[in-house]
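Notes for the structure review
So the chains spell out like this:
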Amino acid sequence: MTPDAWFNPAKSNLFVIAAILVAGFVWSIQRARAGAPIKIRRIAGLDAIEEAVGRATEMGRAVLFVPGMRDMDNVQTIAGVTILGGVARKTAEYDTRLIVPTSRSLVMSTAREAVRGAYLAAGRPDLYSDEMIYYVTDEQFGYVAHLDGVMVRQRPAACIYMGPFFAESLILAETGNSVGAIQVAGTAQPQQLPFFVAACDYTLIGEEIFAASAYLSRDPAMVGSLRGQDFGKLVAMGAIAAGVLIETLRVVTGSVALASLSERFLRLFALNF
Amino acid sequence: MKTQVPILITMIVGASLVLAMFVPHSPFRTLDEHFSVWFDILACFAFVLGGGNLLKVHLRKVSARGKDWAYSAVTVASFLVMLVAGLFKLGAPSWDTDFIGDGTWFKAIYDATFAPLQATMFSLLAFFVASASFRAFRAKTREATLLLVAASIILVGRTPLGDTLTAWLPRPLEFLRIANLSNWLLSVPNLAGQRAIMVGIALGVISTSLKLILGIERSHLGGVRE
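Residues numbered from 1 in each chain as written. Chains lettered and ligands numbered in written order. Predicted model: local features only at pLDDT ≥ 70, side-chain atom pairs only at ≥ 80, totals over all residues.

1. Overview of the overall build of chain B
Stated precisely, the cut-off is as follows: What counts as a helix is a DSSP run of H or I of at least four residues, what counts as a strand is a run of E of at least two, and both are numbered from the N terminus. Using C-alpha atoms as the atom set, the radius of gyration is obtained and then compared with a globule rule of 2.2 Å times the number of residues to the power 0.38. Burial in this document is a count-based property: other C-beta atoms within 10 Å of a residue's C-beta are tallied, and the residue is buried at 20 or more, exposed at 12 or fewer, or partly exposed in between, with C-beta positions derived from the backbone. Distance between backbone-placed C-beta atoms decides contact: two residues are in contact if it is within 7 Å.
Of regular secondary structure, chain B possesses seven helices and zero strands. In terms of overall dimensions, chain B is more spread out than a globule: its C-alpha atoms have a radius of gyration of 27 Å, far above the 17 Å expected for 226 residues. For chain B, the C-alpha atoms occupy an extent of roughly 70 × 50 × 45 Å along the three principal directions. Considering chain B as a whole, with its 226 residues, one finds that 16% of them fall into the buried category. Long-range contacts, defined here as pairs at least 24 residues apart, represent 31% of the contacts in chain B between residues at least 6 apart.

In structure tokens, the structure reads:
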């Protein structure tokens, strides 16, 4: 392949897979826009957000929202800020104090836009203040120290963690637990999920954090994208089943033809970066 | 206009980066690197924004003598000390020395105060792991019991004690040795679960990216739908 080529043939397998998935998503979105009924399963963690905000309102305490430890170039942060919009809508409706400390200033700016929009949409722009969302530090444990301090001193009734989290996940969740806050967490970092599951009341596992915006807004196009995700899962399940079948038959029969097919099948999913 | 322009920029940049993945032709070949550099430049401005916000928030608390204002005073003082030490390279043997080079005040203060404080916060994790495990592993339900048994096998299997305890098992029952059970738990059920989660996450990332590129997802821009 020359560097001036307009297509890298080594990545044609990825291109085909991406094209199938994108086509699935676009088709699902179009169908949903056309009015096709789509059922969304209940996500307890997202339903719990309203309960958490309601509890904070009853107790006269704040809701603490933590959008994670990464910048706006991370898709989990974007998902976190999107959920923040939904949370802010609730805090605006219930007139509950919202605290959003951020570890990146770009996240602070974006979160302010999302929260301002939510307060406006809830018809309570008077309740919005830039001071609700502020920058702390980029340093991981400096940020954690601040959040722990906020939890211990201000004792928020609800702590919501949505975004990318690392070693700080358990420190935050255990501190929140110690102050008796209702806690809802969501991250796409598989290594941190057990910590959140152990210490929080509700946890959004993996993909659920990306489904949140569709779940909260119920916008047809957004809900359609969820069906697109399911279509992708169906493709993945089919590929796994086919791979298992081919490989099992190869081992059982010792067939050369199946060995060649198995190798080709594996190549289909090679990344070739 | 306030949301349309960012959506348009997201659309162009997102689509270009997807193309850059498959097109080796210039300018797509180096697009990824260029966008990373541009993001770094934006992030530099963001440091000023962040620093400014930090000062504004904490100076306001100090001047109002509000609750816990002393913490804000310490924050502002620490920020200014580190800023001056870094900007003027105090203690550096020459102006060419990096501000975090050996002998600089910045490095000395960082090593003497910030690093131990950071280590202290991190070491809290050990205690929190113990308290969270205690709660999670109480065998109140069938799932919790399963978790307790699996965790105990993995914990013991990762220590020399695990090897010693079941070393007497004969070769046909070798798979029952705790170390082997521990490895099996990690590499079969645990890995299968993790991979299932990873597939879901990958599809979620694709879905969110597409929604951003197509302009369907805009609530992060303040465009909350009714």
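Additional details are given in the paragraphs that follow.
2. Section: the sheet that holds strand β6 (residues 202-205) of chain A
Sheet strands associate in pairs through backbone hydrogen bonding, adopting either a parallel or an antiparallel arrangement. Residue and element names in this part refer to chain A. Filter applied, for reference: Each pair of strands is called paired provided DSSP finds at least two bridges between the two strands. Orientation is described by axes fitted as lines to C-alpha atoms, over the contacting stretch for helices, and by angles from 0 to 180 degrees between their N-to-C directions.
With parallel pairing, six strands are arranged side by side in an open sheet as β3-β2-β1-β4-β5-β6. Lying at the two open borders of the sheet, with one neighbouring strand each, are β3 (133-135) and β6. Strand after strand, the sheet turns through a mean of 15 degrees between neighbouring axes, direction not considered. As defined by bridge partners, strand β1 (residues 63-66) adjoins strand β4 (residues 158-162) across four bridges and the pair is classed as parallel. Residue pairing in the sheet places phenylalanine 65 in a bridge with isoleucine 160 of β4. Seen against the sheet, helix α4 (residues 105-121) touches β2 (98-102) and β3 and runs at an angle of roughly 175 degrees to β3. Here helix α8 (residues 208-217) sits on the sheet in contact with β4, β5 (182-187) and β6, set at roughly 100 degrees to β6.

3. A word on the interface of chain A and chain B
To keep it simple, the criterion reads: Note on residue categories: nonpolar means Ala, Val, Leu, Ile, Met, Phe, Trp, Tyr, Cys or Pro, charged means Asp, Glu, Lys or Arg, and polar means any other residue, Gly included.
Counting residues at the interface gives 64 residues for chain A, matched by 51 residues for chain B. Here the element with the most residues in the side of chain A that touches chain B is α4(A); it accounts for 11 residues. Among the residues making up the side of chain A that touches chain B, the classes are represented as 37 nonpolar, 14 polar and 13 charged.

4. Some details on the domain arrangement of chain B
Residue and element names in this part refer to chain B. Applicable threshold: Bear in mind that the domain bounds are from an automatic or database domain assignment.
Per the domain assignment, the segments of chain B are domain 1 (1-87), domain 2 (92-132) and domain 3 (137-211). Here the C-alpha centre of domain 2 lies 23 Å away from the C-alpha centre of domain 1. With four residues of domain 1 at the contact, the number on the domain 2 side is four residues. Partitioned by chemical class, the residues of the side of domain 1 that touches domain 2 number three nonpolar, one polar and no charged.

5. With respect to the domain arrangement of chain A
Residues and elements named next belong to chain A. When the domains of chain A are assigned, the result is domain 1 (11-39 + 220-268) and domain 2 (44-217). Using only C-alpha atoms to locate each centre, domain 1 and domain 2 end up separated by 34 Å. Taken residue by residue, the interface counts five residues in domain 1 and five residues in domain 2. Among the residues making up the side of domain 1 that touches domain 2, the classes are represented as three nonpolar, two polar and no charged.

6. Structural notes on the pairing of β6(A)
Residue and element names in this part refer to chain A. To be explicit about the condition: Note on handedness: a clockwise path from strand one over the helix to strand two, with the strands aimed away from the viewer, defines a right-handed crossover.
A two-sided burial pattern is seen for β6, the buried positions comprising Tyr202 and Leu204 on one face and Thr203 and Ile205 on the other. In the sheet, β5 pairs with β6 via four bridges, with the strands oriented parallel. Bridging across to β6, threonine 187 finds its partner in isoleucine 205. Tracing the backbone out of β5, into helix α7 (residues 193-199) and back to the parallel element β6 gives a crossover that is right-handed.

7. Points about the pairing of β2(A)
All names here are of chain A. Counted residue by residue, β2 has five buried out of five residues, so it is predominantly covered. On β2, burial covers both faces: Leu98, Val100 and Thr102 on one face and Ile99 and Pro101 on the other are all buried. For the handedness criterion, the β-α-β arrangement of β1, helix α3 (residues 75-94) and β2 is classed as right-handed. Bridge count for β2 against β3 is three bridges, and the pairing is parallel. Residue pairing for β3: valine 100 is matched across the bridge by isoleucine 133.

8. Some points on helix α5 (residues 140-154) of chain A
Quick note on the threshold: Multiplying one less than the number of residues by 1.5 Å gives the expected span of a helix.
Compared with an ideal rise of 1.5 Å per residue, which puts 15 residues at 21 Å, α5(A) spans 21 Å between its outermost C-alpha atoms and is within 8% of the ideal. Where α5(A) is buried, its residues meet β1, β2, β4 and α6 (168-178) of chain A together with α4 (105-136) of chain B. A:Arg155 lies just past α5(A) and shows a positive phi near 45 degrees.

9. Quick look at the nonpolar core
Note the cut-off: Nonpolar core, as used here: buried Ala, Val, Leu, Ile, Met, Phe, Trp, Tyr and Cys residues forming one set through C-beta atoms within 7 Å.
The biggest cluster of nonpolar side chains holds 96 residues, and the ones touching the most others in it are A:Ala52, A:Val63, A:Leu84, A:Val115, A:Ala158 and A:Ile160. Apart from the residues within four sequence positions on either side, A:Val115 is in contact with A:Leu84, A:Ala88, A:Tyr128, A:Met132 and A:Ile133.

10. As for unusual backbone geometry
Residue B:Pro27 is reached from B:Ser26 by a cis peptide bond, and omega for that bond is 5 degrees. Look at A:Asp95: it is not a glycine, yet its phi comes out positive at around 55 degrees. With respect to the secondary-structure elements, A:Asp95 resides in the loop between α3 and β2.

11. Considering α3(A)
Residue and element names in this part refer to chain A. A rise of 1.5 Å per residue sets the reference length of α3, with its 20 residues, at 28 Å; its end C-alpha atoms lie 29 Å apart and thus fit the reference within 8%. α3 sits mainly inside the fold: 18 of its 20 residues count as buried. Positive backbone phi, at 55 degrees, marks aspartate 95, one or two positions downstream of α3.

12. Topic: the packing of α5(A) against α6(A)
Residue and element names in this part refer to chain A. Here is the rule: If an angle is under 35 degrees, it is roughly parallel; if it is over 145, roughly antiparallel; if it lies from 65 to 115, roughly perpendicular; otherwise it is oblique.
Packing of α5 against α6 brings their axes to within 10 Å, and their N-to-C directions diverge by 5 degrees. Classified by the angle between their axes, α5 and α6 sit roughly parallel to one another. Contacts between α5 and α6 involve Gln140, Val144, Leu147, Asp148, Met151 and Val152 from the first element and Glu168, Ile171, Leu172, Thr175 and Gly176 from the second. Of the residues belonging to the contact of α5 with α6, the class tally is six nonpolar, three polar and two charged.

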